[in-house]
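# Architecture and fold: a report
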Amino acid sequence: MINMKTIIVIPAYNEELTIGSVVTLAKKYGDVLVVDDGSSDRTSEIAESSGAIVVKHEVNKGKGKALKTGFNYALANDYDVVVCIDADGQHNPDEIPLLLEPILEDKADLVIGSRYLNGAHKNIPLYRRLGLWVLNTTTVLASGIRITDSQSGFRALNKKALESLDLSSTGYNVESEMIAQLSEKGLRITEVPINVRYDVPNKHKKNPFSHGMGVLAKVVGLIGYRRPLLLFSVLSLLSFITSGILAYWALEPYYTYGGKVYLTQAIGAGIFAIIGIQLFIAGLTLNALAQMVRRGKDEL
Ligand SMILES: Nc1nc2c(ncn2[C@@H]2O[C@H](COP(=O)(O)OP(=O)(O)O)[C@@H](O)[C@H]2O)c(=O)[nH]1
Ligand SMILES: [Mg+2]
């Protein structure tokens with residue numbers, strides 16, 4: 001299948017400075033669709049005059065919804081492959097063939113461009129790398145597969161992957177959700193090394209901390225749904241550790257000089273111990289429930 005009908009989907013929110021060059025470079029590799037997500041600048045106008053098809057959201061709905069709009073367009077117009085690329089110029093459209101290769105060879109259903117596979121990540125600031133590590137690890141826990149760059153927006157999907165997705169994310173969590181849904185359905189996910197530029201005018205639109213926490217909350221929710229025992233055991237363990245620390249604190253005067261036990265700390269230790277037990281029981285219950293639901297699904 002060498003002649004696959006390819007569409008490059010670019011979610012864009014106020015990217016007039018970069019959208020023109022991204023579209024111009026991308027159109028060598030297929031049709032280009034820009035989903036203008038309620039921009040207040042000239043993103044649509046520039047995208048259109050650079051040769052892209054433009055679909056507009058009247059108001060800003062978030063990257064997740066924009067990708068969904070793009071995927072629906074691709075399905076409705078019978079494309080075989082979708083490539084997603086950011087509009088801010090951080091990704092290099094000339095690397096699109098690298099992402100397409102595993103799909104054309106039918107070795108993968110989703111290909112993720114990773115900036116961690118070629119050592120190019122050295123210029124990512126440490127706090128971002130730390131945040132990414134947390135998001136990668138939780139995505140791995142939620143999906144069960146190893147990914148080095150779970151938040152990368154540079155991806156390629158075949159039709160099977162497109163048809164298997166039922167995205168509910170509105171914002172940036174869409175990247176993790178896509179991985180979790182496709183791995184659950186047994187589709188093949190691969191990463192290929194890509195380069196990311198950091199000298200673009202508008203590289204991050206969200207505050208990294210609140211953005212990271214938002215994605216984390218969603219991914220942890222996903223783990224809670226898919227692996228409740230794991231999530232609740234960790235929370236329960238944290239409660240027991242807190243309880244242990246408080247108990248030690250409460251008993252310290254008694255052991256060191258035979259003084260009175262600190263009452264507040266002792267009560268605190270008791271409360272955290274009870275919370276720990278409750279969380280563990282909740283985990284066991286939800287786990288049993290999840291297994292029943294899963295078994296029920298298999299029998300259908
Ligand atoms: N459709 C849509 N795209 C968005 C929105 N926010 C960001 N984007 C696009 O998503 C891509 C990545 O966003 P960016 O802020 O650069 O994320 P980062 O590089 O991962 O920190 C860019 O192409 C943005 O234009 C949004 O609210 N809606
Ligand atoms: Mg960016």
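Residues numbered from 1 in each chain as written. Chains lettered and ligands numbered in written order. Predicted model: local features only at pLDDT ≥ 70, side-chain atom pairs only at ≥ 80, totals over all residues. Heavy atoms only, no water.

### Side note on the domain arrangement of the protein
- As far as domains go, the protein holds domain 1 (6-226) and domain 2 (228-299).
- Between the C-alpha centres of domain 1 and domain 2 there is a distance of 39 Å.
- Of the residues lining the interface, seven residues belong to domain 1; the matching set on domain 2 comes to five residues.
- Here domain 1 and domain 2 share an interface that buries about 450 Å² over both sides, 63% of which is from carbon and sulfur atoms.
- Three residues, Ile223, Gly224 and Arg226, lead the burial of domain 1 against domain 2; their summed loss comes to 59% of the area buried on that side.
- Seen at the junction of domain 1 and domain 2, the total is zero salt bridges.
- There are zero residue pairs in polar contact (both at pLDDT 80 or more) connecting domain 1 and domain 2.
- Within the side of domain 1 that touches domain 2, the residues separate by chemical class into four nonpolar, one polar and two charged. (Domains from an automatic or database assignment. Contact = heavy atoms within 4.5 Å. Buried area = accessible area lost by both parts, 1.4 Å probe. Salt bridge = Lys/Arg side-chain N within 4 Å of Asp/Glu carboxyl O. Polar contact = N/O pair within 3.5 Å; in protein donor to acceptor, adjacent residues only side chain to side chain. Nonpolar A, V, L, I, M, F, W, Y, C, P; charged D, E, K, R; others polar.)

### Topic: the coordination of the magnesium ion (ligand 2)
- Around the magnesium ion (ligand 2), the donor atoms from the protein are Asp88 (OD), Gln90 (OE1) and Lys203 (O), and they sit 2.0 to 2.2 Å away.
- Each donor residue of the magnesium ion (ligand 2) belongs to the same chain, and together they define the spacing D-x1-Q-x112-K. With aspartate 88 in the loop between strand E4 (81-84) and helix H4 (96-104) and lysine 203 in the loop between strand E7 (189-193) and helix H8 (208-226), the pair connects residues that are 115 residues apart, well separated along the chain.
- The exposure class of aspartate 88 is buried, given its relative accessible area of 5%. (Donors = N, O, S within 2.8 Å, 3.2 Å for Na, K, Ca; no water. Helix = DSSP H or I, 4+ residues; strand = E, 2+ residues; numbered from the N terminus. Buried < 20%, exposed > 50% of the residue type's maximum accessible area, 1.4 Å probe, protein only.)

### Quick notes on the sheet that holds strand E5 (residues 110-114)
- Pairing is mixed in the open sheet, where seven strands are placed in the order E3-E2-E1-E4-E6-E5-E7. In this open sheet, the two strands that pair with only one neighbour each are strand E3 (53-57) and E7. Direction aside, neighbouring strands of the sheet carry axes that sit 20 degrees apart on average.
- Two elements, E5 and E7, share five bridges in a ladder whose sense is parallel. (Pairing = 2+ DSSP bridges. Axes fitted to C-alpha atoms, helices over the stretch in contact; angles between N-to-C directions.)

### Thoughts on the pairing of E5
- Counted residue by residue, E5 has five buried out of five residues, so it is predominantly covered.
- Alternating residues of E5 divide into Leu110, Ile112 and Ser114 and Val111 and Gly113, and every residue in both groups is buried.
- Sheet topology places E5 next to strand E6 (residues 155-158); three bridges connect them, and they run antiparallel. Within E6, the position partnered with leucine 110 by the bridge is leucine 157.

### Focus on the packing of aromatic side chains
- With the rule as written, the count across this model stands at one aromatic pair.
- With a centroid separation of 5.5 Å and an interplanar angle of 70 degrees, the aromatic rings of tyrosine 254 and tyrosine 255 are classed as edge-to-face.
- For tyrosine 254, a relative accessible area of 47% translates into the label partly exposed.
- With relative accessibility at 64%, the residue tyrosine 255 sits in the exposed group.
- The residue whose ring lies beneath lysine 5 is tyrosine 79, and the NZ or CZ to ring-centre distance is 4.5 Å. (Phe/Tyr/Trp six-rings, centres within 6.5 Å; stacked < 30°, edge-to-face > 60°. Lys NZ or Arg CZ within 6 Å of the ring centre and 35° of its normal.)

### Description of the site of ligand 1
- Around ligand 1, a shell composed of 17 residues is seen, among which Glu15, Asp37, Ala87, Asp88 and His204 lie nearest.
- A distance of 2.6 Å separates an oxygen atom of ligand 1 from a polar side-chain atom of glutamate 15.
- Here ligand 1 has 570 Å² of accessible area as a free molecule, and 93% of this is covered by the chains.
- Most atoms of ligand 1, that is more than half of them, are within 2 Å of grid points of the largest pocket.
- Those elements giving two or more residues to the shell around ligand 1 turn out to be strand E1 (6-12) and helix H3 (63-76). (Near = heavy atom within 4 Å. Areas by Shrake-Rupley, 256 points an atom, 1.4 Å probe, with all protein chains shown as cover. 1 Å grid on protein atoms, 1.4 Å probe; cavity = no way out; pocket = protein on both sides within 12 Å on 5 of 7 lines; lining within 4 Å. Sits in = over half its atoms within 2 Å of the grid points.)

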